[in-house]
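What follows is each chain in one-letter form.
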Amino acid sequence: MTMYKCIGCGATLQSEDKTAPGFVPASRLTEEDVICQRCFRLKNYNETPDVMMESGEFMAMLNSIYEKEGIVLKIIDVFDFKGSLIPSFNRIVGNKRVIAVINKIDLLPKSTNMNRVISRAKKMLADEGITANETIAISAIKGHNLDQLLNLVSKEAKGQDIYIVGTTNVGKSTLINKLIEDSTGEKDVITTSNIPGTTLGLIDIPISETQSFIDTPGVVVDSQIAHFISPKDLKVIMPKKEIKPKTFQLNEGQTLFISALARVDFVKGERSSFTVYASDKIKIHRTKTETATDFYGKHYNTLLAPPEIEHPVLILDAETVSFRTTERSDVLISGLTFVSVDEDVQIDVTVPKGVEVSLRPSVF
Ligand code: GDP
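In this convention, every chain numbers its residues from 1, walking through the sequence in written order. For this predicted model, a pLDDT threshold of at least 70 governs which residues receive local features, and a threshold of 80 or more governs which side-chain atom pairs are given and counted, while totals over whole chains, interfaces and linings are taken from all residues. Side-chain measures were taken over the full set of non-hydrogen atoms in the model, leaving aside hydrogen atoms and water.

## Observations regarding the packing of aromatic side chains
Alright, step 1. Put simply, two rings from Phe, Tyr or Trp (the six-membered ring, in Trp's case) pair if the centres are within 6.5 Å, and we call them stacked under 30 degrees between planes, edge-to-face over 60, tilted for the rest. If you walk through the whole model with that rule in mind, you get 8 aromatic pairs.
Alright, step 2. The interplanar angle of 25° and the centroid separation of 5.5 Å between the aromatic rings of phenylalanine 257 and tyrosine 296 together place this pair among those described as stacked. Of this pair, phenylalanine 257 sits in strand E8 (residues 254-258) while tyrosine 296 sits in helix H8 (residues 289-299), placing them 39 residues apart in sequence.
Alright, step 3. Categorising residues by exposure relies on relative accessible area from a 1.4 Å probe, with only protein chains included: less than 20% of the type maximum marks a residue as buried, more than 50% marks it as exposed, and the intermediate range marks it as partly exposed. For phenylalanine 257, a relative accessible area of 0% gives the class buried.
Alright, step 4. Assessed through its relative accessible area of 1%, tyrosine 296 is described here as buried.
Alright, step 5. The structure contains a cluster of three or more aromatic residues connected by ring pairs, namely Phe79, Tyr277, Phe338 and Phe364.
Alright, step 6. The criterion for a charge sitting over a ring is simple: Lys NZ or Arg CZ within 6 Å of the ring centre, and within 35 degrees of the ring normal. Across the ring face of phenylalanine 89, the terminal group of lysine 74 is positioned such that the distance to the ring centre comes to 5.5 Å. Helix numbers and strand numbers start at the N terminus; a helix is a DSSP run of H or I with at least 4 residues, a strand a run of E with at least 2.

## Observations concerning the pairing of strand E13 (residues 329-333)
Alright, step 1. Of all 5 residues in E13, 5 are buried; the element is thus mostly enclosed.
Alright, step 2. By the alternation rule, side chains of E13 split into Ser329, Val331 and Ile333 and Asp330 and Leu332, which are all buried.
Alright, step 3. A pair of strands counts as paired when DSSP detects no fewer than two bridges linking them. Two elements, E13 and strand E14 (residues 337-341), share 5 bridges in a ladder whose sense is antiparallel. Looking at the pairing, aspartate 330 lines up with serine 340 of E14.
Alright, step 4. Between E13 and E14, which pair antiparallel in sequence order, lie 3 residues; one of them, glycine 335, sits at a positive phi of approximately 80°.
Alright, step 5. With 5 bridges joining them, E13 and strand E16 (residues 357-361) adopt antiparallel strand pairing. Counterpart to isoleucine 333 in the pairing with E16 is valine 357.

## Section: H8
Alright, step 1. Among the residues of H8, those classed as buried are Ala292, Phe295 and Tyr296. Around the axis of H8, the buried residues are gathered within 100° of arc, so they sit on the same side. Structural note: H8 exposes Glu290, Asp294 and Lys298 on the side pointing more than 90 degrees away from its buried face.
Alright, step 2. Contacts from the buried residues of H8 go to E8, strand E9 (262-268), strand E11 (284-288) and helix H9 (313-316). Summarising the geometry, the arc corresponds to the directions from the helix axis toward the C-beta atoms. Two residues qualify as a contact provided that any one of their heavy atoms is within 4.5 Å of a heavy atom in the partner residue.

## Structural notes on the confidence of the model for the chain
Alright, step 1. Residue-level confidence of the predictor is what pLDDT reports, using numbers from 0 through 100. Averaged over the chain, the pLDDT score is 85; the fraction of residues at 70 or greater is 87%.
Alright, step 2. pLDDT under 50 marks residues 46-55. Its contacts with residues more than four places away, or in other chains, come to 24 contacts.
Alright, step 3. Note that residues 193-200 has pLDDT below 50 and, in this model, 43 contacts with residues that lie over four places away or in other chains.

## With respect to the nonpolar core
Most often, soluble globular proteins have nonpolar side chains that are buried together.
Alright, step 1. Throughout, nonpolar core names a set of buried Ala, Val, Leu, Ile, Met, Phe, Trp, Tyr and Cys residues whose side chains join them through atoms within 4.5 Å. Among the nonpolar cores identified, the biggest contains 41 residues, and Phe274, Tyr296, Val331, Ile333, Leu336, Ile347 and Val349 are the most heavily contacted of them.
Alright, step 2. Here tyrosine 296 is in contact with Phe257, Ala260, Leu304, Ile309, Pro312, Val313, Leu314 and Ile315, once residues within four sequence places are set aside.
Alright, step 3. Counting 34 residues, the second-largest nonpolar core is a separate cluster that includes Val93, Val221, Tyr277 and Phe338.

## Section: the environment of serine 119
Alright, step 1. Inspection of the secondary structure assignment puts serine 119 in helix H4 (residues 114-127).
Alright, step 2. Sequence separation between serine 119 and threonine 135 is 16 residues, and the spatial gap between their C-alpha atoms is 8.8 Å.

## Considerations on the pattern of salt bridges
Alright, step 1. The salt bridge criterion pairs a side-chain nitrogen of Lys or Arg with a carboxyl oxygen of Asp or Glu, the two atoms within 4 Å. Per the counting criterion, the structure on display carries 12 salt bridges.
Alright, step 2. Its salt-bridge partner being lysine 104, residue aspartate 77 comes within 3.1 Å of it at the nearest N-O pair. In this pair, aspartate 77 is assigned in strand E1 (residues 71-77) and lysine 104 in the loop between strand E2 (98-103) and H4, connecting sequence segments 27 residues apart. Like aspartate 77, the residue lysine 104 is buried in the burial classification.
Alright, step 3. Because the salt bridges share partners, they merge into one network encompassing Lys241, Asp280 and Lys281.

## A closer look at the sheet that holds E8
Alright, step 1. Taken together, 5 strands build an open sheet; the order of strands is E11-E8-E9-E15-E12 and the sheet is antiparallel. Each edge of the sheet is formed by a strand with only one pairing partner; in this case those strands are E11 and strand E12 (318-324). The mean angle between the axes of side-by-side strands here comes to 20°, regardless of whether they run parallel or antiparallel.
Alright, step 2. Here an axis means a line fitted to C-alpha atoms, over the contact stretch when the element is a helix, while the angle between two N-to-C directions is reported on a 0 to 180 degree scale. Docked against the sheet, H8 engages E8, E9 and E11, running at close to 130° with respect to E11.

## Description of unusual backbone geometry
Alright, step 1. Going from alanine 305 to proline 306, the amide bond is cis rather than trans, its omega being -5°.
Alright, step 2. Residue proline 307 is bonded to the preceding proline 306 through a cis peptide linkage, with omega at -5°.
Alright, step 3. With respect to the element layout, proline 307 can be found in the loop between H8 and H9.
Alright, step 4. For aspartate 344, which is not glycine, the phi torsion reads 65° and is therefore positive.
Alright, step 5. Looking at where aspartate 344 falls in the secondary structure, it is placed in the loop between E14 and strand E15 (346-352).

See the structure below:
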């Protein structure tokens, strides 16, 4: 019997297990161009999926790419740099050429210097041991720089397949849909949503007799803030449009809360400006460091919401990273915010345990 695949997520269609990937009623099993029930619900009702694949299975599918010929587009969410990195990426890629695609640049203020964004991204990738032959900044949603991307792709791929690789939520499906739409006029072939793990299986999208775009499973990495909050809350904290930065003048001994998910303590330094880049839905509060923990305990689901959280995570299950800046720098809290701080300040950044925090020379 021919096994068909869901045209939304690539999972093999089956009618035995409603909770497993690719479920459709038995009567539809032998039809072509079928979308599985899960993709149907995601697409039409934006419902949370019932199934989550284990990271091991995602990795196994990615590992299968290692053997194949082609080039890799490594998609990186500009707002979640660390959460965009796949462990063992080089092992997955083998000898293929890599184009690093920095996505979602529409979220950055218009005044942002894109050359700087790219050069910082290159440096951060190099620090992670990832070699990219080319790096480009795009917006899949707005279509910024897609022509340049396609030019790069045709130069690098030389007729070979193009594997689109990334962690979940970086915008792979959106990008591929856009590329398909541009070339065929068809819309929303691949499911997109805010929910981690939407894209299952490898999806082959032929663009000529011999060449395909291949969408790969979104790898779920634990450092993404998506794993600490519900899909509903993820929608709240993910900025949807150009971020309007908010600047606070702080003295040492003051603390900024970024919703109830992060706190930045100004430990030592001259009076300085702290500029927060985050979704406009997120409330930011300044308070004294001395009383900050009490403040948090009282207000974590009122003043410091949304999102609402089940328990006071910054008290019960948090970790603190300390930095001292030697130049104007951005503190990156994966998926939640960037905070730009001045030169020569000492800060403690507290986040839910496991969320990545890092420092880079400022791009702003
Ligand atoms: P995938 O899991 O990597 O396939 O990611 P999706 O394509 O499903 O996108 C995840 C979320 O990011 C969705 O809410 C998209 O609307 C959003 N997204 C994707 N590309 C962009 C972009 O260029 N700009 C912005 N602002 N959001 C994007």
